[in-house]
Amino acid sequence: QLQLVESGGGLVQPGGSLRLSCVGSGFTVDNYAIAWFRQAPGKEREVISCISGRDGTKAYRNSAQGRFTISRDNAKNTVYLQMSSLTPEATAVYFCASAHLRITPIEAMCHFPKVFFASWGQGTQVTVSS
């Protein structure tokens, strides 16, 4: 069965960096589109960035550009989210999700993520604080 497991969260100081991991099982990440989401307390879940399962094409939301980098390691069946210049506003539970779609451009999938991404991991907590 398809499963996603997030890890790498924790406590980080403002301005610091973290790398989150999303490990897939029951599928290979190069056959699925993967997206990173976050949900802060009292707020709705929002998409951060996405990566295509076809060729690894990346898409970012405007708020993530330049501060977040999504990448994929097919050998480890893992998608990463490298975060830098973190602020307390980044405090949230971070999730990854998958979509077995190969035709829709990743930019469109990432613009309307709830239409496409439906299989979720359990989340990993990121807290940005001194």
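Note that the coordinates shown come from a computational prediction; the quantities given were computed from them, not determined experimentally. (Residues numbered from 1 in each chain as written. Predicted model: local features only at pLDDT ≥ 70, side-chain atom pairs only at ≥ 80, totals over all residues. Heavy atoms only, no water.)

(A) The state of the cysteines, seen in detail. This model, assessed by the stated rule, comprises 2 disulfides. In this model, Cys22 is linked to Cys96 through a disulfide, with the two sulfur atoms separated by 2.1 Å. Judged by the sign of its S-S torsion, about 75°, the bond between Cys22 and Cys96 is right-handed. Of this pair, Cys22 sits in strand S3 (residues 18–25) while Cys96 is found in strand S9 (residues 92–99), placing the two residues 74 residues apart along the sequence. The burial state of Cys22 is the same as that of Cys96; both residues are buried. (Disulfide = S-S within 2.5 Å. Helix = DSSP H or I, 4+ residues; strand = E, 2+ residues; numbered from the N terminus. Buried < 20%, exposed > 50% of the residue type's maximum accessible area, 1.4 Å probe, protein only.)

(B) Representation of the pattern of salt bridges. Evaluation of the coordinates by the stated rule reveals 1 salt bridge. The salt bridge partner of Glu46 is Arg38, with a shortest N-O separation of 2.9 Å. (Salt bridge = Lys/Arg side-chain N within 4 Å of Asp/Glu carboxyl O.)

(C) Spatial organisation of the side chain of Ser21. Residue position: Ser21 is located in strand S3. Take Ser21: its relative accessible area is 13%, and that puts it in the buried class.

(D) Broad picture of the environment of Pro113. Looking at where Pro113 falls in the secondary structure, it is placed in helix H2 (residues 113–116). A sequence separation of 24 residues divides Pro113 from Glu89, and the C-alpha atoms of the two residues are 21 Å apart. Excluding residues that lie within four positions of it along the chain, Pro113 makes contacts with Phe37 and Val47. (Contact = heavy atoms within 4.5 Å.)

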